[in-house]
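In case you want the letters, here they are:
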Amino acid sequence: REREREFGDDDDDDDDGERQSRAARADGLAKDVSKVHCSSPPATQLTEAVRAQIEAIDKFVTQAEGKPLRKFKVPESKLDRAMKEYRQRYVGKTFKTDKNSPNLNFYLNKRKTSGLTIDEIHEDWFGSYDLLERKHDYIQWLFPIHEPGMNPDAYVLGTEEATKMRQNKDVRKRIVQSYKLMLDFYGFKLVDEATGELRLSESYRARLQNLQESTHNFLRITRILKFLGLMDFEHYKIHFILALLRQIVVDGHLASRVVYNSCWSYWIPTLLDREVRVHLKRELKRLLSGEESGDKKKPDGAKKTAAVASASAGAAKAAEAVESKVPAGGDKKSAAIASGLSAADREADVDPPVATSPPQEKSSSSSPPPSSAEKTKAATDPDAKVSLV
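In this numbering scheme, every chain counts its residues from 1 along its sequence in written order. Reporting in this predicted model follows two pLDDT cut-offs: at least 70 for local features of residues, and 80 or more for side-chain atom pairs to be given and counted; totals over whole chains, interfaces and linings ignore these cut-offs and use all residues. As a rule here, side-chain values cover all heavy atoms of the structure and leave hydrogens and water aside.

Remarks on the overall build of the chain
Alright, step 1. Under the DSSP-based scheme used, a helix requires at least four consecutive residues in state H or I and a strand at least two consecutive residues in state E, with every element numbered from the N terminus. Check the secondary structure of the chain and you find 19 helices and two strands.
Alright, step 2. Only protein chains enter the calculation, and the probe is 1.4 Å; a residue is then buried if its accessible area is under 20% of its type maximum, exposed if over 50%, and partly exposed in between. For the chain, the proportion of its 389 residues judged to be buried stands at 41%.
Alright, step 3. Accessible area for the chain stands at about 22100 Å²; split by element, carbon and sulfur atoms hold 51% of it. In short, Shrake-Rupley with a 1.4 Å probe defines the accessible areas, and a residue's cover is counted only from the protein chains shown.

Now the structure itself:
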């Protein structure tokens with residue numbers, strides 16, 4: 001059961017039926033753990049990666065706050081079966097492909113598609129935007145997953161060949177080149193292969209416009225994200241999704257409800273770590289609603305801040321004066337109230353708001369001002385009860 005929770009998913013996209021099915025699978029898995037097949041390491045091994053992804057989200061939110069944002073409503077969607085299985089790392093499933101391991105051999109540069117090897121595609125097709133847009137039979141070869149695509153000549157990624165691909169250094173280098181090829185096609189550039197950080201390419205305006213108009217690329221992006229997760233490039237995905245979100249809600253080059261719905265319903269759900277997925281959705285909701293996080297709320301207006309700051313020194317002096325007149329063991333709470341400070345402010349050591357004195361009522365019988373002799377006596381005799389006001 002613990003292993004099922006580790007691989008499963010229990011965020012707000014799950015329903016009761018899915019939780020029950022996971023519980024049933026957990027009972028079966030507990031009897032024979034050796035039957036568990038996973039295309040990605042357990043979440044417990046991704047602690048540092050999860051932390052880095054959450055930091056990337058927080059950086060994106062910080063940069064977006066205070067800017068005019070494109071607002072979109074959260075779409076109502078339910079995960080399809082394929083996405084749920086992907087998010088659960090295909091627990092208990094084994095995928096078979098052709099005995100010649102076609103996807104592995106293609107990435108080893110031993111097999112061709114469209115008459116080209118993968119190295120030739122990387123070299124000859126980079127920047128060929130019309131070709132990449134028009135052809136539809138290469139994407140399943142560059143980014144094979146455990147699901148069939150629209151190309152009958154491509155093969156589903158097998159479990160065993162996926163493991164071999166993840167472990168092969170040459171294959172991993174070619175995966176990065178395939179990712180760069182499609183990033184450039186969409187208007188982005190990989191600037192750090194270690195972290196996955198992206199930036200806009202030189203031709204980003206035309207490329208983003210093409211992405212917004214050619215909606216079949218949305219399916220391609222979903223496939224790319226899934227493949228990256230299967231090949232242990234999970235840390236690449238968050239930067240790609242955040243780069244797309246920036247163009248959707250901040251810069252506005254992809255400010256379309258269709259693009260936003262695809263991002264919310266299909267691209268964000270490909271994130272395998274629940275902590276990252278939930279954090280991104282929560283922060284995105286808050287950002288688009290105009291709310292501020294609890295630790296970032298500021299006073300309304302600079303005048304209020306200045307008023308509180310200027311009043312704090314005088315209020316503190318008044319408090320000290322009152323406390324100095326309280327005998328040892330006396331009631332400090334009464335002294336605090338007498339000084340105009342609330343008990344909560346005194347105990348929390350918080351600067352109080354500006355205190356305004358109520359207007360004094362005029363006495364019916366006015367007292368004459370003290371004589372010079374009375375003033376002299378009050379100055380020399382501390383017990384004299386003569387008002388100097």
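From this point, the discussion proceeds with the structure in view.
Regarding the environment of Ser-201
Alright, step 1. Residue position: Ser-201 is located in the loop between strand S2 (198-200) and helix H11 (204-213).
Alright, step 2. The class of Ser-201 is buried, set by a relative accessible area of 5%.
Alright, step 3. With 17 residues separating them along the chain, Ser-201 and Asp-184 place their C-alpha atoms 6.8 Å apart.
Alright, step 4. Contacts between residues were defined by any pair of non-hydrogen atoms, one from each residue, lying within 4.5 Å. Not counting chain neighbours up to four residues away, the residues in contact with Ser-201 comprise Asp-184, Gly-187, Phe-188 and Lys-189.

Here we look at the pattern of salt bridges
Alright, step 1. By convention in these notes, a salt bridge is any Lys or Arg side-chain nitrogen within 4 Å of a carboxyl oxygen on Asp or Glu. As enumerated under the stated definition, the model contains 13 salt bridges in all.
Alright, step 2. Its salt-bridge partner being Arg-51, residue Glu-48 comes within 2.9 Å of it at the nearest N-O pair. Of this pair, Glu-48 and Arg-51 both sit in helix H3 (residues 47-64), three residues apart, roughly one helical turn.
Alright, step 3. You can call Glu-48 exposed: its relative accessible area is 58%.
Alright, step 4. Overall, Arg-51 belongs to the partly exposed group, its relative accessible area being 40%.
Alright, step 5. The closest approach of N and O atoms between Glu-85 and Arg-81, which form a salt bridge, is 3.3 Å. Of this pair, Glu-85 and Arg-81 both sit in helix H4 (residues 81-87), four residues apart, which is roughly one turn of that helix.
Alright, step 6. Look at Arg-81 and you get exposed, because its relative accessible area is 66%.
Alright, step 7. What emerges from the salt-bridge pattern is a single network uniting Glu-65, Glu-283 and Arg-286.

A look at the confidence of the model for the chain
Alright, step 1. For every residue, the predictor assigns a confidence score, pLDDT, that lies between 0 and 100. Per-residue confidence for the chain gives a mean pLDDT of 77, with 63% of residues at or over 70.
Alright, step 2. Under a pLDDT of 50 for its full length, residues 297-313 has, in the predicted model, seven contacts with residues more than four places off or in other chains.

Regarding helix H13 (residues 234-250)
Alright, step 1. What a helix is expected to span follows from its residue count: subtract one and scale by 1.5 Å. Between its first and last C-alpha atoms H13 spans 24 Å; for 17 residues at 1.5 Å apiece the expected length is 24 Å, and the two agree.
Alright, step 2. Directly after H13, the chain includes Gly-252, whose backbone phi takes a positive value near 85 degrees.

Remarks on the packing of aromatic side chains
Alright, step 1. Ring geometry is summarised as follows: Phe, Tyr and Trp rings, the Trp one being its six-membered ring, pair when their centres sit within 6.5 Å, and such pairs are stacked at plane angles under 30 degrees, edge-to-face over 60 and tilted between the two. For the coordinates displayed, the defined rule picks out 17 aromatic pairs.
Alright, step 2. Taken together, the ring pairs connect Phe-106, Tyr-107, Trp-141, Phe-143, Tyr-155 and Phe-227 into an aromatic cluster.
Alright, step 3. Sitting over the face of the ring of Tyr-129, Arg-207 holds its NZ or CZ atom 4.1 Å from the ring centroid. Should the NZ of a Lys or the CZ of an Arg lie within 6 Å of a ring centre and within 35 degrees of the ring normal, that charge is described as sitting over the ring.

Here we look at the environment of Leu-225
Alright, step 1. Inspection of the secondary structure puts Leu-225 in helix H12 (residues 216-230).
Alright, step 2. Remark: the alpha-carbon pair of Leu-225 and Tyr-266, spanning 41 residues in sequence, is separated by 9.7 Å.
Alright, step 3. Once residues lying within four places of it in the same chain are set aside, the contact partners of Leu-225 are Tyr-86, Lys-237, Phe-240, Ile-241, Trp-267 and Thr-270.

As for the packing of helix H10 (residues 169-186) against H11
Alright, step 1. Axis separation between H10 and H11 bottoms out at 7 Å; the angle between their running directions is 90 degrees. With respect to H11, the element H10 is oriented roughly perpendicular. Across the interface between the two elements, Asp-184, Phe-185 and Tyr-186 of H10 pack against Arg-207, Leu-208, Asn-210 and Leu-211 of H11.
Alright, step 2. Ten residues, namely Ala, Val, Leu, Ile, Met, Phe, Trp, Tyr, Cys and Pro, are considered nonpolar, four, namely Asp, Glu, Lys and Arg, are considered charged, and the remaining ones, Gly among them, are considered polar. Here the contact of H10 with H11 is built from residues that sort into four nonpolar, one polar and two charged. Throughout, an axis means a line fitted to C-alpha atoms (over the contacting stretch in the case of helices), and angles, computed between N-to-C directions, take values from 0 to 180 degrees. For this classification, under 35 degrees means roughly parallel, over 145 means roughly antiparallel, 65 to 115 means roughly perpendicular, and everything else is oblique.

A closer look at unusual backbone geometry
Alright, step 1. Of note in this structure, Asn-109 is not a glycine but carries a positive phi near 70 degrees.
Alright, step 2. For Asn-109, the location among the structural elements is in the loop between helix H5 (102-107) and helix H6 (118-124).
Alright, step 3. For Asn-109, a relative accessible area of 26% corresponds to the partly exposed category.
Alright, step 4. Notably, Ser-114 is not glycine yet its phi reads approximately 55 degrees, a positive angle.
Alright, step 5. Judged by its relative accessible area of 37%, Ser-114 is partly exposed.

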